[in-house]
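# Summary of the model geometry
Below are the chains, spelled out letter by letter.
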There are 4 protein chains.
Amino acid sequence: MSERKKTIPSLVKDPKLIEKRREQIIEAAVDLFINKGFYKTTTREIARASGFSIGTLYEYIESKEDVLYLVCDAIHAEVENRLREAINFNGSGLKILKLALRSFFRVMDQMSDRVLLIYQEAKSLPKETLRYVLGREEAISGIFEEILRKGIADSSIHIDEKHVKLMADNIMVLGEMWVFRRWALHKHYSLDEFIEKQTALLLGEMSNEK
Amino acid sequence: MSERKKTIPSLVKDPKLIEKRREQIIEAAVDLFINKGFYKTTTREIARASGFSIGTLYEYIESKEDVLYLVCDAIHAEVENRLREAINFNGSGLKILKLALRSFFRVMDQMSDRVLLIYQEAKSLPKETLRYVLGREEAISGIFEEILRKGIADSSIHIDEKHVKLMADNIMVLGEMWVFRRWALHKHYSLDEFIEKQTALLLGEMSNEK
Amino acid sequence: MSERKKTIPSLVKDPKLIEKRREQIIEAAVDLFINKGFYKTTTREIARASGFSIGTLYEYIESKEDVLYLVCDAIHAEVENRLREAINFNGSGLKILKLALRSFFRVMDQMSDRVLLIYQEAKSLPKETLRYVLGREEAISGIFEEILRKGIADSSIHIDEKHVKLMADNIMVLGEMWVFRRWALHKHYSLDEFIEKQTALLLGEMSNEK
Amino acid sequence: MSERKKTIPSLVKDPKLIEKRREQIIEAAVDLFINKGFYKTTTREIARASGFSIGTLYEYIESKEDVLYLVCDAIHAEVENRLREAINFNGSGLKILKLALRSFFRVMDQMSDRVLLIYQEAKSLPKETLRYVLGREEAISGIFEEILRKGIADSSIHIDEKHVKLMADNIMVLGEMWVFRRWALHKHYSLDEFIEKQTALLLGEMSNEK
DNA sequence: GATGAATGAGTATTCATTCAT
DNA sequence: CATGAATGAATACTCATTCAT
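Residues numbered from 1 in each chain as written. Chains lettered and ligands numbered in written order. Predicted model: local features only at pLDDT ≥ 70, side-chain atom pairs only at ≥ 80, totals over all residues. Heavy atoms only, no water.

Scanning chain A for helices and strands turns up ten helices and zero strands. By principal-axis analysis of the C-alpha atoms, chain A measures approximately 65 × 40 × 30 Å. By residue count, 51% of the 210 residues in chain A fall in the buried class. Summarising the internal contacts of chain A: among those between residues at least 6 apart in sequence, 74% fall at separations of at least 24. Carbon and sulfur atoms make up 49% of the accessible area of chain A, which amounts to about 9,800 Å² in all. Charge centroids of chain A, computed over 33 positive and 33 negative side chains, lie 3 Å from each other. (Helix = DSSP H or I, 4+ residues; strand = E, 2+ residues; numbered from the N terminus. Buried < 20%, exposed > 50% of the residue type's maximum accessible area, 1.4 Å probe, protein only. Contact = heavy atoms within 4.5 Å. Areas by Shrake-Rupley, 256 points an atom, 1.4 Å probe, with all protein chains shown as cover. Lys, Arg positive; Asp, Glu negative; His and termini not counted. Charge placed at Lys NZ, Arg CZ, Asp CG, Glu CD.)

Structure (structure tokens):
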């Protein structure tokens, strides 16, 4: 359904070591990219912050863009994991949705910097890689599609099947905006107010008994 | 309320000429930035595409980032202008809002590339300049605040004054997503479907007679 | 007949200036390449020795290999010019040939280092460029073909038309060997002895009255 | 007379193993150097093509240049061996020479790539090593000196003792040119034509009854 | 003896910006 | 005002070599 996982070649053979080193790289690069942006971060800085030499860095990646991919992928994975962990799939679709929304908004809040990073830098990925990263994003909105469909099935949510996708996208965007419009929102609303109102907006139409 | 207009110093005295040259610069740079991104576009390319030499370019700007600012500002101005032109402030707030939404979504659609450009490159602006550009964005959401307040006043819209700002932001974001999530949306929905559903969502709660 | 002249693009517009700067580059690079070889010479060294910055160097060439091409071409041109200047086309073919050989061997001797440079580094040129450079070499052997044919025409030289090319190549090689086998030759023979014997060898068959 | 054989230190004790491994190295490196040149071939590639790890490679050599030396030396040895095998030292000097020339030209033809390799890359050897490799070359021309002297002794060859060395060098060069001027020669002459004409040229003076 | 992960000096090339003409 | 040649700091990436296991 979604794109295949991208595998970055490494000069190093030991898979355990590769994983360990790449974790170091990701951890170092996330901070750097958040603070300086992708373009203004140097491969040498990444190497140093990762705790090894520039030569070693290039034993585990092939290009600077690989680091960006690694970072984006790790962030997406974390968002997805946190979200899945937080969701309890018991109860009516509507009930699940309400709790999932709360969790999603909270994850967005907690991971602000990282989510913003993806928003701002993903475009620097090579086309092909970008496609994969966007696929990852759809995996997350897919969670909400699932919930919506469950709600439709158990009649707790009233919405046309045709618009499930759009609704899921709306959920994503109304959550992510807490991140990328924080300059406009944070001075006027607390996270809880935000969650409450966005939930109300989203459920407005679909949970109303007509 | 919003930030002061940023003035870019120029070595040239004649204001008419400055304006003319900067228009040339903007026109050239918009295309370049859309196609190659800000970082991968060189000042030489901007100068050439503008129709003059690199030396002349620097008579009208002080740094490459000035060009980005000029571009962002021009795009915002165009969005705002088009929107204002399209809005007819006669009728109930609700009616105005419906028409304004339609216009806004259409402007987003028509100016996709340019809006995306702002989304992706504005972060490269120096902090101070970025603040000003974001102020510009608030000017646009301000239009919707205005309309919402008019609707509240004439009782055609039911919404708490406290949430006017959030609602305006939601409008912005639900429109802009047509641009920055086009990869997810365009294959499933036509612009008109999109407009219809987003309008329904936004009006859902607020136009319902309780 | 021979390949077209390769033109190296330059960011600089003034052709006079391009020529002047490229002469500087060639002069600097010849010495460097002779002493360190092409690979071990740095572009920065070339720039410095040329009397300008690395940035300026790249205003006049596109790659390090361009410098090598410039150098090879200049050397070939000089060999050809010196040879043409030295040859007097009056008299019988045989007489012209004798004098031409003497001149050629002398040019080889005087330009030892430069000729050796071509021998050792030309292979580092991009394929296409190499082809052109080799064409240049044929232009020089072409001079001898011309002389040989003149001698055949006036019956002072006895040789089959079919072997003119090979004979011209032999001349080239028997001259160039003074350069690339100098370690074997210079300790045993003086230039004049060398000239005398090689001339005898070359003329042996063809000037003998049968 | 010629330089002592260069011995490359090895971390490994067993001489049999050293020889075996070095043969692997040579075989791998010859192909690599022919196709990519010495500079563009990496030690990793040599190790991989040799069938072992980079660490192991460095157990048998001390530097990349050692590999080049090994390769040049092996090629020279092969040329010399093939030539010696082909020469039958029975008969008059002149007769031996004629056959030796034929054999030499054929070896050059068969070993074109390898001979060219030496021509193009030997210069990258450290000075001291280069001297040794050139000594190897003199061993080959020494074979022809030997033959020439035999011919002088039995009066089948008429040449001044003083010029034996030059003549031997001429033989070498007129044979090697089949390799390093192949771009000029192969399209005009077959190997047999080449052999015939070069032989005629070389014997011209010296075999003529005066 | 063999391995391969780690190292970091080294390199070609780019590009925003300046300033003399 | 316009030009474009000059500048040089900055940068991604390579690769011969080492050495602990």
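What follows deals with the protein's contact with DNA strand F. Taken together, 42 residues are adjacent to DNA strand F, and A:Y58, B:Y60, C:R21, C:Y60 and D:Y58 come closest. Among all atoms of DNA strand F positioned within 4 Å of the protein, those belonging to sugar or phosphate total 65%. Separating a phosphate oxygen of DNA strand F from a backbone N or O atom of C:S53 is a distance of 3.4 Å. Residue D:K64 places a main-chain N or O atom 2.9 Å away from a phosphate oxygen belonging to DNA strand F. For the surface near DNA strand F, the secondary structure elements donating two or more residues are α2 (43–50) and α3 (54–60) of chain A, α1 (15–36) and α3 (54–60) of chain B, α1 (15–36) and α3 (54–60) of chain C together with α2 (43–50) and α3 (54–60) of chain D. (Near = heavy atom within 4 Å. Polar contact = N/O pair within 3.5 Å; in protein donor to acceptor, adjacent residues only side chain to side chain.)

With that settled, the discussion passes to the environment of B:I46. Residues and elements named next belong to chain B. Structurally, I46 can be placed in helix α2 (residues 43–50). Through-space distance from the C-alpha of I46 to that of A28 is 6.2 Å; in sequence the pair is 18 residues apart. Contact partners of I46, with chain neighbours within four places excluded, come to I25, A28, A29, L32, F33, T41, L57 and V67.

With 40 residues of chain B at the contact, the number on the chain A side is 40 residues. Here chain B packs against chain A, burying approximately 3,800 Å² in sum over the two surfaces, 61% of which is carbon and sulfur. For B:K162, the salt bridge is made with A:E193, and the minimal N-O distance between the two is 2.9 Å. On the surface where chain B and chain A come into contact, there are 13 residue pairs in polar contact (both at pLDDT 80 or more). Those elements giving two or more residues to the side of chain B that touches chain A turn out to be α6 (112–121), α7 (127–153), α8 (164–180), α9 (182–185) and α10 (191–207) of chain B. (Buried area = accessible area lost by both parts, 1.4 Å probe. Salt bridge = Lys/Arg side-chain N within 4 Å of Asp/Glu carboxyl O.)

Okay, the packing of aromatic side chains next. Residue and element names in this part refer to chain A. Following the criterion strictly, the structure yields 42 aromatic pairs over all chains and no others. Summarising the aromatic geometry, the rings of F33 and F38 are spaced 5.4 Å apart at their centres and angled 80° between planes, so their arrangement reads as edge-to-face. We classify F33 as buried; its relative accessible area is 2%. A residue is classified by how much of its surface remains accessible, and F38, at 3% relative accessible area, is buried. (Phe/Tyr/Trp six-rings, centres within 6.5 Å; stacked < 30°, edge-to-face > 60°.)

Quick look at the environment of B:E137 now. Topologically, B:E137 is positioned in helix α7. Residue class for B:E137 comes out buried when judged on its relative accessible area of 7%. Each C-alpha atom of the pair B:E137 and B:V79 lies 9.6 Å from the other, and the pair is 58 residues apart in sequence. If we skip the residues at most four places from it in the chain, B:E137 touches A:R181, A:W183, B:H76, B:Y119, B:M172 and B:E176. Side-chain polar atoms of B:E137 contact the side chain of A:R181, separated by 2.9 Å.

Considering all chains together, one arrives at 78 salt bridges over all chains under this definition. Of the charged contacts in the structure, one is a salt bridge between B:R136 and B:D73, with a shortest N-O distance of 2.9 Å. Here B:R136, found in helix α7, pairs with B:D73, found in helix α4 (residues 64–86); they are 63 residues apart in sequence, far enough to count as distant. Notably, a salt bridge pairs D:K165 with D:E145, separated by 3.0 Å at the nearest N-O pair. Taken together, the residues D:K165 in helix α8 (residues 164–180) and D:E145 in helix α7 (residues 127–153) connect sequence positions 20 residues apart. Taking the relative accessible area as the measure of exposure, D:E145 reaches 10% and is therefore buried. Three or more residues are tied together by salt bridges with common partners; here these are B:E138, B:E145, B:R149, B:E161 and B:K165.

A minimum C-alpha distance of 21 Å separates chain A and chain C, which share no contact. For chain B and chain D, which are not in contact, the least C-alpha distance works out to 30 Å.

A word on the UniProt feature "domain: HTH tetR-type" (unreviewed entry) in chain A. Mapped onto the present numbering, the UniProt feature "domain: HTH tetR-type" (unreviewed entry) falls at residues 19–79 of chain A. Note that residues 19–79 of chain A is 80% helix and 0% strand, and that its end C-alpha atoms are spaced 19 Å apart. (UniProt positions renumbered as here; feature names shortened; annotations may be inferred.)

The next subject is the relation of the copies chain B and chain A. Overlay of chain B on chain A (RMSD 0.2 Å): rotation 179°, translation along the axis 0.0 Å. Here the copies are linked by what is in effect a two-fold axis. A share of 100% of interface residues in chain B that are also interface residues in chain A marks the association as one of identical surfaces. (Least-squares fit on C-alpha atoms with pLDDT ≥ 70 in both.)

Residue and element names in this part refer to chain D. Running from N to C, helix α4 (residues 64–86) and helix α5 (residues 93–110) cross one another at 145°; their axes reach a closest spacing of 9 Å. Relative to α5, the crossing made by α4 is right-handed. Contacts from V79, R82, L83 and A86 of α4 reach α5 at A100, S103, F104, V107, M108 and Q110. Within the contact of α4 with α5, the residues separate by chemical class into seven nonpolar, two polar and one charged. (Axes fitted to C-alpha atoms, helices over the stretch in contact; angles between N-to-C directions. Left-handed = near helix turned anticlockwise from the far one by under 90°. Nonpolar A, V, L, I, M, F, W, Y, C, P; charged D, E, K, R; others polar.)

Turning our eyes to something else, we now look at the domain arrangement of chain A. Residue and element names in this part refer to chain A. What the domain assignment reports for chain A is domain 1 (9–62) and domain 2 (64–206). The centre of domain 1, based on its C-alpha atoms, is set 28 Å off from the matching centre of domain 2. Summed over both sides, the interface of domain 1 with domain 2 buries roughly 1,400 Å², with 77% coming from carbon and sulfur. At the level of secondary structure, the elements contributing two or more residues to the side of domain 1 that touches domain 2 comprise α1 (15–36) and α2. The element best represented in the side of domain 1 that touches domain 2 is α1, accounting for seven residues. (Domains from an automatic or database assignment.)

This next bit is on a negative patch on the surface. Residue and element names in this part refer to chain A. A contiguous patch of negative charge, built from E19, E23, E27 and D31, is present on the exposed surface. Examined against the element boundaries, E19 turns out to sit in helix α1. According to the relative accessible area criterion, E19 is partly exposed, its value standing at 49%. (Patch = residues over 30% accessible without salt bridge, like charges linked within 9 Å, V, L, I, M, F, W, Y side chains within 5 Å.)

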